[in-house]
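Listed here are the chains, written in short residue letters.
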Amino acid sequence: MAKTKPGKKDLDSYNIKGTNKVVRPGDCVLMRPADSDKPPYVARVEKIEADHRNNVKVRVRWYYRPEESIGGRRQFHGAKELFLSDHYDVQSAHTIEGKCTVHSFKNYTKLENVGAEDYFCRFEYKAATGGFTPDRVAVYCKCEMPYNPDDLMVQCEGCKDWFHPSCMGMTIEEAKKLDHFLCSDCSSDVDAKRSLNTFSVSPSVEAKVRAHMFHFVYVVYILQDKNQ
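Let us look at the structure shown here. (Residues numbered from 1 in each chain as written. Predicted model: local features only at pLDDT ≥ 70, side-chain atom pairs only at ≥ 80, totals over all residues. Heavy atoms only, no water.)

1. Observations regarding the packing of aromatic side chains
Enumeration according to the criterion identifies 12 aromatic pairs in this entry. Measuring from centroid to centroid gives 5.4 Å for Tyr41 and Trp62, while their planes differ by 70°, and the two rings are edge-to-face. Here Tyr41, found in strand S5 (residues 41-50), pairs with Trp62, found in strand S6 (residues 56-64); they are 21 residues apart in sequence, far enough to count as distant. Comparing Tyr41 with Trp62, the two get one shared label, buried. Aromatic pair Phe83 and Phe132: ring centres 4.9 Å apart, planes at 85°, arrangement edge-to-face. On the criterion of sequence distance, the pair formed by Phe83 in strand S7 (residues 81-92) and Phe132 in strand S10 (residues 132-133) is long-range, its members being 49 residues apart. Grouping residues by exposure puts Phe83 and Phe132 together as buried. (Phe/Tyr/Trp six-rings, centres within 6.5 Å; stacked < 30°, edge-to-face > 60°. Helix = DSSP H or I, 4+ residues; strand = E, 2+ residues; numbered from the N terminus. Buried < 20%, exposed > 50% of the residue type's maximum accessible area, 1.4 Å probe, protein only.)

2. A few points about the pairing of strand S4 (residues 28-31)
Neither face of S4 is left uncovered, since the one carrying Cys28 and Leu30 and the one carrying Val29 and Met31 both have all their residues buried. Bridge count between S4 and S5: four bridges; the pairing is antiparallel. Each residue of the ladder has a partner; that of Leu30, found in S5, is Val42. As paired strands, S4 and strand S8 (residues 96-104) are joined by four bridges and run antiparallel to one another. When the sheet's bridge partners are listed, Leu30 is paired in S8 with Gly98. (Pairing = 2+ DSSP bridges.)

3. Considerations on the environment of Pro134
Here Pro134 lies in the loop between S10 and strand S11 (136-138). Taking C-alpha positions, Pro134 is 6.2 Å from Phe123, a pair spaced 11 residues apart along the chain.

All quantities given are derived from atomic positions and should not be read as evidence of function.
Put into structure tokens, the structure is as follows:
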């Protein structure tokens, strides 16, 4: 009669090979892609377990980069933006290259220095359908696009909305030299109230949501295989 193999056991942590970094469930990690020309995959570790031969595997929840989603990368997507997907997978722990931090959008915008291992997430992503949660976000400027934290924006002292310099016919260098700014609508209103004491650069993520919203609608998707 064949002997029953011992079952798997859950582990509290895993030491990344060749480093002194320790990974625990809930941590975000960088994982080696099959194609060495591609950037590392980013995932959140849900569980760590070892089999009877002490082979360690991790159950992960993948983050997708904008270019890996149905609609691809858009103008308002930040360079370090990720989507937390509903795509789960089991991978060898040996494919973990390092650790990273995926910040909330609000916390990311408060970082004074963005490091190589800093990312942010403001959407959850359904891999099979291409749907996003939330599917609507606040928009700014004449172009009515969501805020990209990588882009400089200037705030109108009249309406308090935020604008891209290029949409206002300015260069970034010209925008940085501004002491005061009124958008075209406010500058044409001679009775507009002006506050000349302050000037801000880049919008707060707590800004009031405008009536116009950006709606994500994608209808075609080919599931991308991230298995090693």
